[in-house]
Amino acid sequence: MRIAEISSPELRQLHRDTETNNHSLSQLEAIVKQLETRTANIPPPESAASDLRQCLTQLSQLAPFPNSSKLHIWKLSYRLWNACVDISNTTAIRSSSSSAAVTAADRNHAELRHIAADLLSIAGDVAGVPSPAIKSASFYHKTGLIWHNLGKFDLAAKCFERATDLVSKLEINSITDAGERKLLLDLNLARSRTAWEVRDPNLAVALLNRSKSFLFGSCEHHAELAKQFMAFGKRALSKISEDAHRDSNEALKLMNEALESCEKGFGVARTREEKVEIRALRWKSLRFIAAIHLQKEEFESVIKCVKVLRDCAEGGDEHPSLSVLAMKAWLGLGRHGEAERELRGMVIDRGIPEGVWVSAVEAYFAAAGTAGAETAKGVFLGLLGRCHVSAGAAVRVAHRVVGGVGEGGRVRAKVVAELVSDERVVALFAGQEAAKDRVAMHAILWNCGADNFQSKDYETSAELFEKSMLYISYDAENRILRAKGYRVLCLCHLGLLQLDRAQEYINEAEKLEPNIVCAFLKFKIYLQKNDHQGAINQIEAMTTCLDFQPDFLSLSAHEAVACHALPVAVASLSSMLNFYTSGKSMPTAEVTVMRTLLTVLSQEPGNEKPVLKFLIHAHTRASEMGPDCFFGKEEVGRRERNWFAVTSWNFGTKTGQDKNYELSAEFLRLASDFYALVEGSDNENNVMVCKSLVLSVSSMIALEFQRKTSMSEAEVKQALHLLDRAGQMLKSILARKSANGDQINTIEPELFFIHTFCACDIQGRLNDMGSQLLHVRNFASSKACKPHHLLQIGLSASQGPRLNHEVASFALNECLSSFLSSPVPDYQNVAIVMRKLISITSVYKGDADDDLVYSMYKQAYRIMVGLKEEEYPIEEGKWLAMTAWNRAAVPVRLGQIEAGKKWMTVGLDIAKHVPGMEAYKACMEEVLGNFKKEP
């Protein structure tokens with residue numbers, strides 16, 4: 001039996017563990033050797049970390065190890081660490097890989113480092129190796145830093161905590177090596193940073209405070225701790241949360257800790273370099289403390305911090321931010337004079353960066369407002385001569401100074417206009433590299449000018465638009481933009497009524513970009529100058545533009561009406577009407593344009609002929625297109641038709657009243673045509689159609705008397721046609737009313753009468769006596785007939801060149817019957833009728849019908865009997881008495897004594913009832929008595 005076989009179980013187990021240990025170490029060594037042989041172009045395989053971790057797990061189960069194994073593990077750990085260092089150095093070579101690949105490689109590299117640290121940890125202390133815990137903690141610290149940089153904060157914290165456990169068992173005072181002491185501090189600072197990243201600020205600050213025990217009186221250590229406090233303070237200051245006050249207090253506390261650490265570090269500093277470094281850090285802490293006080297609006301504290309920094313025994317801090325901090329604090333305290341001195345002091349300091357002084361200018365102006373505009377401009381122009389100023393800085397300052405509109409905005413706008421027009425400022429924008437800033441400056445000035453234009457501050461807006469032209473390059477690409485600038489300047493000067501300058505600008509714009517807008521603005525200028533003919537000519541010019549739109553004609557008409565230039569408005573709307581006949585698509589209905597045009601023409605007297613012309617045009621277009629297409633359908637169309645009918649009617653009656661009968665006849669005829677197109681109340685429209693027709697003929701007749709020339713045959717036929725139409729409609733109207741039992745309106749009797757009167761006149765010209773009498777008979781038999789109507793017809797028929805005694809006799813007899821049948825007869829008219837009937841009968845009947853004439857006198861006598869004195873017209877009574885008496889003369893001369901006595905008797909009888917004829921009556925009685933005595 002072999003010795004191994006007869007040994008104890010413990011020995012056999014030890015033997016097996018040794019073999020396993022050796023096997024695991026061999027595997028480790030093989031993997032490490034494989035990693036060591038990797039070239040720069042071949043990254044380590046991802047399986048290497050898992051294989052190493054498996055071997056590590058096996059080894060950890062076999063601990064503790066003999067010293068030889070521990071030493072072997074330490075060597076393998078260092079070899080693996082060095083291989084990782086080589087791998088890390090090749091990262092730059094593999095930088096062309098994708099970001100995802102690089103991240104995976106970095107994680108693999110960090111895992112290998114972590115395994116190397118774990119190897120040292122399981123190996124433990126090794127005889128002959130000094131400070132093994134420190135070295136193992138160093139591996140964990142460096143690995144934790146790598147995990148931290150990769151954002152794996154849980155793994156980083158695990159490494160830092162493992163390292164802390166390793167060094168916590170050491171006596172701190174026994175550590176004399178500077179590197180090992182630095183490791184203790186760095187380890188706590190790293191743990192603190194990781195705790196901050198995982199949002200555990202309480203632990204982070206606690207670890208920083210714990211780090212104070214690892215400073216060992218070193219200036220460098222104090223500086224490192226101060227930097228970490230300052231870093232956390234900056235993070236707290238920039239944190240975005242709902243409780244800004246709490247964040248500010250936290251940041252201030254951290255910065256004060258940093259300042260305290262700097263103070264202690266300065267006390268232990270030995271070399272000049274250390275003092276310079278810690279002093280600079282102290283100043284930086286104070287500047288941050290001042291900034292926090294400024295954020296908290298503790299302005300007095302800011303001034304104190306700045307004063308401490310400036311009055312240091314070592315020469316004071318000259319950092320550019322001090323002027324900004326001081327200026328903002330003075331502004332917060334409302335002491336603008338001190339703030340302005342700080343701002344102007346920046347002009348002297350050539351070392352102040354552009355961003356700092358631009359920010360200061362913005363802050364000063366934001367607080368000082370309009371009062372600071374001049375100062376901001378002065379500071380900016382002063383800086384131009386002392387330091388490099390970029391175009392972007394000029395844009396920022398202009399944007400801040402320009403502000404808004406209103407009274408203060410006007411002052412700021414004036415200042416910025418002076419600023420941007422300075423030759424030195426304009427020079428900043430020269431060259432292609434300033435193209436974007438040039439566009440930005442132009443946009444600022446343009447927008448500010450537009451705001452002032454909207455508030456009707458045309459003077460300020462014109463100045464800003466003019467200055468904006470300085471920032472437009474004179475090349476073909478910006479040709480349209482310059483034209484736009486000239487056009488808007490034209491508008492500004494139009495608002496200021498500086499018409500000549502406006503015309504200069506629009507002429508320049510038209511040279512660069514001739515279009516409809518330029519043509520329209522020139523039209524506006526002509527209007528403002530009251531050059532109506534020039535405006536009318538410009539309307540024609542607009543229609544020839546390539547980008548012409550009919551909307552501009554409508555807009556031109558509105559502008560002309562606003563300027564009370566009605567002829568221009570008429571020309572614009574007339575031109576617009578021409579496009580409808582061409583068949584082009586138009587934005588406004590033709591009837592709307594026509595109605596607007598007629599409304600404009602109606603506003604001034606003397607435009608009756610143009611109104612008639614466009615009314616005729618409207619009716620023609622309605623006939624061509626169809627009423628529904630021209631006027632519209634349903635209620636809208638009905639209102640449009642009614643508007644044109646009423647307009648024609650109103651002009652017809654007005655011109656008739658003005659005795660312009662020719663136009664009146666045309667207007668009324670058109671009114672009848674328009675009323676005939678109106679849908680709705682048929683009876684009402686028919687009445688208006690009939691009335692328009694009748695009055696149109698009436699105007700034609702009146703025109704004949706006015707001109708004293710007879711109607712032509714064509715005019716007579718036209719009048720007869722119109723009257724026939726009216727007659728048919730009248731019959732229909734009256735028949736419908738009669739059938740419905742409706743009362744006849746007051747308008748209709750007058751209308752029937754005028755129609756009858758005109759018909760008699762026109763038919764008299766055609767010698768149609770029968771039709772005349774028929775018309776009068778029909779009228780007399782109608783309910784519309786009134787006695788005074790028949791009186792006028794009878795009087796008209798009994799005089800003039802076209803007499804008709806039959807019509808006259810009929811009308812007057814009917815009239816007399818109506819008067820006498822009245823409860824209260826009008827004896828004035830009765831007397832007139834009697835005289836006219838006697839005259840007509842005497843003329844047309846003569847002696848052949850002497851008894852008829854005698855009966856008329858007797859009728860007059862019977863009428864007069866029983867009347868009150870003077871109830872029958874005295875003059876008419878005297879006329880009857882005297883003419884009856886005088887009619888006896890002829891029979892007496894002829895020896896017809898009885899006939900003579902008959903006329904004398906009736907004359908005397910009438911005279912007895914006429915006041916004032918007493919002397920005549922006595923004479924008549926005497927003469928008649930003598931005649932009776934004679935045989």
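Residues numbered from 1 in each chain as written. Predicted model: local features only at pLDDT ≥ 70, side-chain atom pairs only at ≥ 80, totals over all residues. Heavy atoms only, no water.

What follows covers the overall build of the protein. Along its length, the protein carries 45 helices and zero strands. Residue burial in the protein is summarised as follows: out of 935 residues, 46% are buried. Partitioning the contacts of the protein with sequence separation of at least 6, the portion at a separation of at least 24 is 65%. Total accessible area on the protein stands at roughly 46,300 Å², and carbon and sulfur atoms take up 51% of it. (Helix = DSSP H or I, 4+ residues; strand = E, 2+ residues; numbered from the N terminus. Buried < 20%, exposed > 50% of the residue type's maximum accessible area, 1.4 Å probe, protein only. Contact = heavy atoms within 4.5 Å. Areas by Shrake-Rupley, 256 points an atom, 1.4 Å probe, with all protein chains shown as cover.)

This part takes up the pattern of salt bridges. Counted according to the given criterion, the structure contains 35 salt bridges. Notably, a salt bridge pairs Arg335 with Glu338, separated by 2.9 Å at the nearest N-O pair. (Salt bridge = Lys/Arg side-chain N within 4 Å of Asp/Glu carboxyl O.)

Okay, the environment of Leu25 next. Tracing the backbone shows Leu25 in helix 2 (residues 9-36). Here the alpha-carbon distance between Leu25 and Ile73, two residues 48 residues apart in the chain, equals 7.5 Å. Discounting chain neighbours no more than four positions away, the residues touching Leu25 are Leu59, Ser69, His72, Ile73 and Leu76.

Along the polypeptide, Thr841 turns up in helix 40 (residues 827-844). Owing to a relative accessible area of 7%, Thr841 belongs among the buried residues under this scheme. A polar contact of 2.7 Å, which involves the side chain of Thr841, links it to the backbone oxygen of Leu837. (Polar contact = N/O pair within 3.5 Å; in protein donor to acceptor, adjacent residues only side chain to side chain.)

Structurally, Ala290 is set in helix 12 (residues 272-295). Along the primary structure Ala290 and Leu322 are separated by 32 residues, whereas in three dimensions their C-alpha atoms are 9.0 Å apart. Setting aside residues up to four positions removed in sequence, Ala290 forms contacts with Val302, Cys305 and Leu325.

In this structure the tally under the stated criterion is 21 aromatic pairs. A ring pair is formed by Tyr78 and Phe139, whose centres lie 5.1 Å apart and whose planes are at 55°; its orientation type is tilted. Here Phe139 lies in helix 6 (residues 132-149) and Tyr78 lies in helix 4 (residues 67-89), a separation of 61 residues in the sequence. The interplanar angle of 65° and the centroid separation of 4.9 Å between the aromatic rings of Trp446 and Phe465 together place this pair among those described as edge-to-face. With Trp446 in helix 21 (residues 435-454) and Phe465 in helix 22 (residues 458-468), the pair connects residues that are 19 residues apart, well separated along the chain. In terms of burial, Trp446 and Phe465 fall into one category: buried. By the ring-pair criterion, three or more aromatic residues cluster together here, those being Phe630, Phe631, Trp643, Phe644 and Phe674. The positively charged end of Arg887 is found above the aromatic ring belonging to Trp903, 5.5 Å away from the centroid. (Phe/Tyr/Trp six-rings, centres within 6.5 Å; stacked < 30°, edge-to-face > 60°. Lys NZ or Arg CZ within 6 Å of the ring centre and 35° of its normal.)

We now examine the environment of Asn530. Within the secondary structure layout, Asn530 lies in the loop between helix 25 (516-528) and helix 26 (532-543). As for Asn530 and Cys563, which are separated by 33 residues in sequence, their C-alpha atoms are 8.6 Å apart.

This part takes up the side chain of Asp457. Turning to its location among the elements, Asp457 is positioned in the loop between helix 21 and helix 22. With residues up to four places along the chain from it excluded, the contact list for Asp457 reads Arg410 and Asn452.

Turning to the packing of helix 23 (residues 479-495) against helix 25, a few remarks are in order. Two elements in contact, helix 23 and helix 25, have axes whose closest approach is 11 Å; the angle formed by their N-to-C orientations is 15°. The angle between helix 23 and helix 25 falls in the class roughly parallel. In the packing of helix 23 onto helix 25, the handedness of the crossing is left-handed. Here Arg487, Cys490, Leu491 and Leu494 of helix 23 lie close against helix 25, whose contacting residues are Val517, Cys518, Leu521, Lys524, Ile525 and Gln528. Class assignment of the residues belonging to the contact of helix 23 with helix 25 gives a composition of seven nonpolar, one polar and two charged. (Axes fitted to C-alpha atoms, helices over the stretch in contact; angles between N-to-C directions. Parallel < 35°, antiparallel > 145°, perpendicular 65-115°, else oblique. Left-handed = near helix turned anticlockwise from the far one by under 90°. Nonpolar A, V, L, I, M, F, W, Y, C, P; charged D, E, K, R; others polar.)

Attention now moves to a nonpolar patch on the surface. Residues Leu803, Val843 and Tyr844 make up a contiguous nonpolar surface patch of about 280 Å² in total accessible area. Of the residues examined, Leu803 reaches a relative accessible area of 34% and is grouped as partly exposed. (Patch = residues over 30% accessible without salt bridge, like charges linked within 9 Å, V, L, I, M, F, W, Y side chains within 5 Å.)

Glancing now at the nonpolar core. Ranked by internal contacts, the top residues of the largest apolar core, which has 126 residues, are Phe644, Tyr857 and Tyr872. For this core, the element with the highest residue contribution is helix 28 (residues 566-581), accounting for ten residues. Among residues more than four places away in sequence, those in contact with Tyr872 are Tyr827, Val830, Ala831, Met834, Ile863, Met864, Leu867, Gly877 and Leu880. In this structure, Ala156, Leu254, Leu331 and Met346 belong to the second largest nonpolar core, which totals 125 residues. (Core = buried A, V, L, I, M, F, W, Y, C linked by side-chain atoms within 4.5 Å.)

Listing the buried residues of helix 9 (residues 201-211) in full gives Ala204, Leu207, Leu208 and Ser211. Along the axis of helix 9, the buried positions cluster into a sector of 100°, meaning they face one direction only. In this structure, the buried residues of helix 9 make contact with helix 8 (178-197) and helix 10 (219-237). (Arc of directions from axis to C-beta.)

This next bit is on the packing of helix 30 (residues 608-625) against helix 32 (residues 634-657). Helix 32 packs onto helix 30 with a crossing angle of 150° between their chain directions and a minimal axis gap of 11 Å. As summarised for this structure, helix 30 and helix 32 are arranged roughly antiparallel, according to the angle between their axes. Considering only the axes of helix 30 and helix 32, their crossing is left-handed. In this structure, helix 30 uses Glu608, Val611, Leu615 and Ala618 to contact helix 32, whose residues at the interface are Phe644, Ser648, Phe651, Lys654 and Thr655. Grouping the constituent residues of the contact of helix 30 with helix 32 by class yields five nonpolar, two polar and two charged.

Taking 1.5 Å of rise per residue, the 18 residues of helix 6 would be expected to cover 26 Å, and the 26 Å separating its terminal C-alpha atoms lies within 8% of that figure. Along helix 6, 14 of the 18 residues are buried, which leaves the element largely enclosed by surrounding structure. (Expected span 1.5 Å × (residues − 1).)

Taken as a whole and judged by the stated rule, the model has zero disulfides. The structure places no disulfide on Cys545, whose sulfur is separated from the nearest cysteine sulfur, that of Cys518, by 8.4 Å. Counting only cysteine sulfurs, Cys758 is the nearest neighbor of Cys760, a cysteine outside any disulfide, at a range of 9.3 Å. The exposure class of Cys760 is buried, given its relative accessible area of 9%. (Disulfide = S-S within 2.5 Å.)

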